[in-house]
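Coordinate analysis (summary)
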Amino acid sequence: MPVPTTAPTEHQLLRDTVRVKIHDAIMDGTLEPGERLNDDELIAWLGVSRTPIREALSQLARAGLIEMAPNRYTRVTTPKPEEVIESLQTLGVLFGGVVRLAVPRLGAAARGKILASLDATIRDLTAHDVPALNHDALGVFALYVDACDNPDLQRVCRDTMDGLAYRLRLPNLDQLVDWDRMTADFERLRAATAAGDNVAAELATESIHQLPGEKH
């Protein structure tokens, strides 16, 4: 039977607009870790009613960027040291597959863009610049996601990777992981991507994200 199609309602569009604005404010640091989110203040800021705000916050909570406890608080997630390895490994499971799919599909322009982004990330690691690394490394893997040409995997990654990556935003991240190993693994990822070796690129990605097993 024919499947009916309907255009998004104004309410849905408002919810999505609100979600993007709050998401971006969290990711760029305008809304800080642990900051409480008050409905009235959000209404005044965003100029919309309470309902799309609550729906947007629920979506952000599912993504891991917001913590909610009914009748107690709604606040920006606070990264915790004990969650670093778990979050890294979850990203590694996702990004390993993404990289394996993406590398053989890269044209010259896309490959060059990824290699330049990897160079910036390696510079961050060499300088122990944790804030820059958190930004640039996520940007690297977002490029691989764009190139992997698997809509299901792209959707899963885009729904989850910001929340997981946000949990890595700790000022002492370089003390919580093997920094030298991570630097070497990013260099291996760059070499494998340049060579078009998707299996080696996948293994380097898994090692970057602390998945167990010998990867060298």
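Residues numbered from 1 in each chain as written. Predicted model: local features only at pLDDT ≥ 70, side-chain atom pairs only at ≥ 80, totals over all residues. Heavy atoms only, no water.

**Concerning the side chain of Asn 134**
Rule in force here: Numbering of helices and strands starts at the N terminus; helices are DSSP runs of H or I of at least 4 residues and strands are runs of E of at least 2. Think of it in three bands: with a 1.4 Å probe and only protein chains considered, a residue is buried below 20% of the maximum accessible area for its type, exposed above 50%, and partly exposed in between. Should any heavy atoms of two residues lie within 4.5 Å, those residues are counted as being in contact.
As for its position among the elements, Asn 134 is in helix α6 (residues 130-147). Judged by relative accessible area, which is 14%, Asn 134 ranks as buried. Excluding residues that lie within four positions of it along the chain, Asn 134 makes contacts with Leu 168, Arg 169, Leu 170 and Leu 173.

**Some thoughts on unusual backbone geometry**
With a phi close to 65°, Asn 71 is a non-glycine residue in the positive phi region. The residue Asn 71 is located in the loop between β1 (66-69) and β2 (73-76) in this model. On the accessibility criterion, Asn 71 (86% relative accessible area) is exposed. Positive phi is not limited to glycine here, since Asp 149 has a value of about 60°. Along the chain, Asp 149 turns up in the loop between α6 and α7 (151-166).

**Considerations on the side chain of Asp 124**
Rules: For this count, His and the chain ends are skipped, Lys and Arg are scored as positive, and Asp and Glu as negative. Think of a salt bridge as a Lys or Arg side-chain nitrogen and an Asp or Glu carboxyl oxygen that are within 4 Å of each other.
Turning to its location among the elements, Asp 124 is positioned in helix α5 (residues 108-126). Although Asp 124 lies buried, it forms no salt bridge, and the closest oppositely charged side chain, Arg 123, sits 6.1 Å away as judged by the N-O distance. In contact with Asp 124, not counting residues within four places along its chain, are Asp 129, Ala 132, Leu 133, Asp 136 and Trp 179.

**Comments concerning the nonpolar core**
The condition is simple: Take the buried residues of types Ala, Val, Leu, Ile, Met, Phe, Trp, Tyr and Cys, join any two whose side-chain atoms come within 4.5 Å, and each joined set is a nonpolar core.
Counting 61 residues, the largest nonpolar core has Ile 22, Ile 26, Leu 118, Phe 141, Tyr 144, Phe 186 and Leu 189 as its most contacted members. Per-element accounting of this core gives the leading share, ten residues, to α6. When neighbours within four sequence positions are excluded, Leu 189 is seen to be in contact with Val 99, Leu 118, Phe 141, Tyr 144, Ala 201, Ala 204, Thr 205 and Ile 208.

**Quick word on α6**
Definition in use: One less than the number of residues in a helix, times 1.5 Å, gives the span that helix is expected to have. Any pair of N or O atoms that falls within 3.5 Å is considered a polar contact. Within protein, one atom must be able to donate a hydrogen and the other to accept it, and sequence-neighbouring residues count only if both atoms are side-chain atoms.
Helix length check: α6, at 18 residues, gives a terminal C-alpha distance of 26 Å against a target of 26 Å (1.5 Å per residue), a fit within 8%. Near the N-terminus of α6, the side chain that reaches the backbone nitrogen of Ala 132, with its oxygen 3.2 Å away, is that of Asp 129. Positioned one or two residues after α6, Asp 149 has a phi angle of 60°, which is positive.

**A short note on the packing of α6 against helix α9 (residues 179-195)**
Helix packing for two helices is described by the angle between their axes and how far apart those axes are. Note the threshold: Helix axes use the C-alpha atoms of the stretch in contact, all axes being lines fitted to C-alpha atoms, and the angles between their N-to-C directions lie in the range 0 to 180 degrees. Relative orientations are named as follows: roughly parallel for angles under 35 degrees, roughly antiparallel for angles over 145 degrees, roughly perpendicular for angles from 65 to 115 degrees, and oblique for any other angle. Note: crossing handedness is left-handed where the near helix turns anticlockwise from the far helix by less than a right angle, and right-handed where it turns clockwise. We call Asp, Glu, Lys and Arg charged. Ala, Val, Leu, Ile, Met, Phe, Trp, Tyr, Cys and Pro are nonpolar, and the rest, Gly among them, are polar.
Closest axis-to-axis distance for the α6/α9 pair is 14 Å, and the angle between their directions is 30°. By the angle between their directions, the pair α6 and α9 is classed as roughly parallel. Once α6 is placed against α9, the crossing between them reads as left-handed. Across the interface between the two elements, Val 130, Leu 133, Ala 137, Phe 141 and Tyr 144 from α6 touch Trp 179, Met 182, Phe 186, Leu 189 and Thr 193 from α9. Residue composition of the contact of α6 with α9, grouped by class: nine nonpolar, one polar and no charged.

**As for the state of the cysteines**
A covalent bond between the sulfur atoms of two cysteines is referred to as a disulfide. Just so we agree on the cut-off: A pair of sulfur atoms, both from cysteines and within 2.5 Å, is called a disulfide here.
Summed over all chains, the structure comprises zero disulfides. With no disulfide partner, Cys 157 has as its closest neighbouring cysteine sulfur the one in Cys 148, 6.7 Å distant. Residue Cys 157 is classed as buried on the basis of its relative accessible area of 0%.

Purely geometric numbers; function is a separate question.
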